[in-house]
Amino acid sequence: LDKVDRMHSTGQGAAVTVLHQNYVKRDRALYLARAAANRLVTNGAGCVVGATIDHDGADRTVHASRGVVLTTGGFNRSRELLEIYAPDWAGAMKLGGRHNTGDGLRMASALGAAHADMGYVEASFGGTLNRYPEIDENPDDEPMLLLPFSNGAIIVNKTGRRFINEGLNYKQISQELLKQPDGIAFQLFDAKLMAQARRDLTVMNLEGALEQGYVRKADTIAALAAAIGVDVAALEDTVRRYNAAATIGDMEPEFGRLISDFGGIGPCIETGPFYAIPTGNVLTTTYCGLKVDPEMNVRTVYGEPIAALYAAGEVIGGFHGAGYYSASAMAKAAVF
């Protein structure tokens, strides 16, 4: 079966920027920057007629004649909501909109809105530990999401050993990383893969990450092990065993990784210099939220529509469930 590309990659934030610029050019659109919504306003009949906002430090009410649409994003930046809905990921690194704090979820919930897919919040493997070996979460950190494992890098834990089939997706790997020492791993690769780095593709901007100090570099595996604080003999043995297995057939036997998936660079990690990226789990989006019907009306816990209240984008649930595909969250936000 031939592989077919089903995704068009752009630079980080490029698609969102174009969508936003096109929207604010419309004559009927009024865009207010630095405005945070606080509460929904209803009339005596329970119909949503506006919202209160904090605009540049001043309270203000925005009135709506036909309805309010919540497009406030998820809640991956709210430690409080993560502790409630996804405690496993409350301490994960955060990536994405800094104001994704669950405002829309809170406002609609206050009116009795139902929730959907709350059990499917899941982090992604691939977030750079920018200050490693310091690993405590810092709210000012902005990790990169780097995925060289999908192009041939191997993943090892702090003992210098592989622990998973690197052919799995970053959601599956994130679950296994939770079981590893300190929840930390290293993506390890050689000069052949570094030569395929792409500055225009965020997840493969290895050169940019190296320049920023997120990638460790050494001439030998032994020196690389010392640079990341991993046992030298263990890491050398891991690489040696992996290289030997990868030359035998199409699938290495220890974890069942398909060797044919590596885009022509060859399976072995053998050409110096060598590189390692200290990596953890990163929460980019939350894939769940308000329950809506096909007309995007927000529904109550009793299945009734909340009059004149709609929602779209990351604030809604019922779209991804357990079946999230890479980049589909962006498409969902654009389409709806």
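Keep in mind the model is a prediction, meaning the values are calculated, not measured.

Participant: Would you mind showing me how to read the nonpolar core here?
Facilitator: Within soluble globular proteins, side chains that are nonpolar generally end up buried alongside one another. The biggest cluster of nonpolar side chains holds 35 residues, and the ones touching the most others in it are Phe125, Phe149, Ile154, Ile155, Phe186, Leu188 and Leu235. Once residues within four sequence positions are removed from consideration, Ile155 is found in contact with Phe125, Phe149, Arg161, Arg162, Phe163, Glu166, Ile173, Ala185, Phe186 and Gln187. Counting 30 residues, the second-largest nonpolar core is a separate cluster that includes Leu105, Val121, Leu290 and Val315.

Participant: I would appreciate a short explanation of helix H7 (residues 221-228) in the present structure.
Facilitator: Because an α-helix completes one turn every 3.6 residues, residues spaced three or four positions apart along the sequence face the same direction. Burial in H7 covers these residues: Ile221, Leu224, Ala225 and Ile228. Down the axis of H7, the smallest arc covering the buried residues is 100°, so these residues share one side. In this structure, the buried side of H7 is in contact with strand E9 (185-190), strand E10 (216-218), helix H8 (232-246) and strand E11 (274-283). One or two steps after H7, the chain reaches Gly229, where phi turns positive at roughly 75°.

Participant: Sorry if this is basic, but what is going on with the pattern of salt bridges here?
Facilitator: Oppositely charged side chains may form a pair once their charged atoms are brought near each other. For the coordinates displayed, the defined rule picks out 19 salt bridges. The salt bridge partner of Arg161 is Asp237, with a shortest N-O separation of 2.7 Å. Within this pair, whereas Arg161 is found in the loop between strand E8 (154-157) and helix H4 (170-177), its partner Asp237 is found in helix H8, the two being separated by 76 residues in sequence. Among the salt bridges present, the one from Glu254 reaches Arg241, with a minimum N-O distance of 3.2 Å. Taken together, the residues Glu254 in the loop between H8 and E11 and Arg241 in helix H8 connect sequence positions 13 residues apart. In this structure, a network of salt bridges that share partners links the residues Arg161, Asp237, Arg240, Arg241 and Glu254.

Participant: What should I look at first to understand the environment of Gly256 in this one?
Facilitator: Along the chain, the position of Gly256 falls in the loop between H8 and E11. Separated by 92 residues in the primary sequence, Gly256 and Ile164 place their C-alpha atoms 8.8 Å from one another.

Participant: Before we go on, may I ask you to explain the packing of H7 against H8 in this structure?
Facilitator: Relative placement of two packed helices is described by the angle separating their axes and the distance separating the axes. Where H7 meets H8, the closest approach of the two axes is 9 Å, and the angle between their N-to-C directions is 130°. Considering the angle they form, H7 stands oblique to H8. Helix-helix and strand crossings are classified by hand; for H7 and H8 the assignment is right-handed. Contacts between H7 and H8 involve Ile221, Ala222, Ala225 and Ala226 from the first element and Val232, Leu235, Glu236 and Val239 from the second. Class assignment of the residues belonging to the contact of H7 with H8 gives a composition of seven nonpolar, no polar and one charged.

Participant: Mind showing me how you'd approach the side chain of His320 here?
Facilitator: Within the element layout of this structure, His320 appears in the loop between strand E14 (305-311) and helix H9 (328-335). Polar side-chain contacts of His320 include one of 3.5 Å to the side chain of Lys332. Not counting residues within four places of it along the chain, the set of residues in contact with His320 comprises Asp117, Tyr287, Ser328, Ala329 and Lys332.

Participant: What is the right way to look at the packing of aromatic side chains in this model?
Facilitator: Each aromatic ring pair is characterised by the separation of its centres together with the angle its planes make. With the rule as written, the count across this model stands at five aromatic pairs. With 5.6 Å between their ring centres and 70° between their planes, Phe125 and Phe149 make a pair best called edge-to-face. Taken together, the residues Phe125 in strand E7 (residues 124-128) and Phe149 in the loop between E7 and E8 connect sequence positions 24 residues apart. Considered together, Phe125 and Phe149 belong to a single accessibility category, that of buried residues.

Participant: Any chance you could explain the pairing of E11 here in plain terms?
Facilitator: Taken residue by residue, a regular strand's side chains alternate between the two faces of the sheet. The buried fraction of E11 amounts to 10 of the 10 residues, a majority that puts the element mostly inside the structure. Here strand E5 (residues 93-94) pairs with E11 via two bridges, running parallel. Considered in E11, the bridge of Lys94 is made with Leu283. Relative to E11, E7 runs antiparallel, the two being bridged by four bridges. Across the sheet, Gly127 pairs through a bridge with Gly280, a residue of E11. Pairing between E9 and E11: six bridges, direction antiparallel. Bridging across to E11, Asp190 finds its partner in Phe274.

Participant: What is the right way to look at the pairing of E14 in this model?
Facilitator: Pairing of strand E4 (residues 68-70) with E14, which is carried by three bridges, proceeds in the parallel orientation. Counted as the bridge partner of Leu70 is Ala311 from E14. The hairpin turn running from strand E13 (residues 297-299) into E14, its antiparallel successor, is five residues long, and Gly303 in that turn takes a positive phi close to 85°.

Participant: In this structure, what is going on with the sheet that holds strand E3 (residues 58-63)? I would like to understand it.
Facilitator: To summarise the sheet geometry, strands pair through backbone hydrogen bonds and adopt either a parallel or an antiparallel arrangement. Judged by pairing direction, the sheet is antiparallel, and its three strands sit side by side in the order E1-E2-E3 without closing on themselves. Each edge of the open sheet carries a strand with a single partner, namely strand E1 (35-42) and E3. The mean inter-strand angle of the sheet, taken between neighbouring strand axes irrespective of direction, is 25°. As paired elements, E1 and strand E2 (residues 48-55) share seven bridges and run antiparallel to each other. Considered in E2, the bridge of Ala35 is made with His55.

About the cut-offs
Residues numbered from 1 in each chain as written. Predicted model: local features only at pLDDT ≥ 70, side-chain atom pairs only at ≥ 80, totals over all residues. Heavy atoms only, no water. Core = buried A, V, L, I, M, F, W, Y, C linked by side-chain atoms within 4.5 Å. Buried < 20%, exposed > 50% of the residue type's maximum accessible area, 1.4 Å probe, protein only. Contact = heavy atoms within 4.5 Å. Helix = DSSP H or I, 4+ residues; strand = E, 2+ residues; numbered from the N terminus. Arc of directions from axis to C-beta. Salt bridge = Lys/Arg side-chain N within 4 Å of Asp/Glu carboxyl O. Axes fitted to C-alpha atoms, helices over the stretch in contact; angles between N-to-C directions. Parallel < 35°, antiparallel > 145°, perpendicular 65-115°, else oblique. Left-handed = near helix turned anticlockwise from the far one by under 90°. Nonpolar A, V, L, I, M, F, W, Y, C, P; charged D, E, K, R; others polar. Polar contact = N/O pair within 3.5 Å; in protein donor to acceptor, adjacent residues only side chain to side chain. Phe/Tyr/Trp six-rings, centres within 6.5 Å; stacked < 30°, edge-to-face > 60°. Pairing = 2+ DSSP bridges.

These results come straight from atomic positions and should not be treated as a statement about function.
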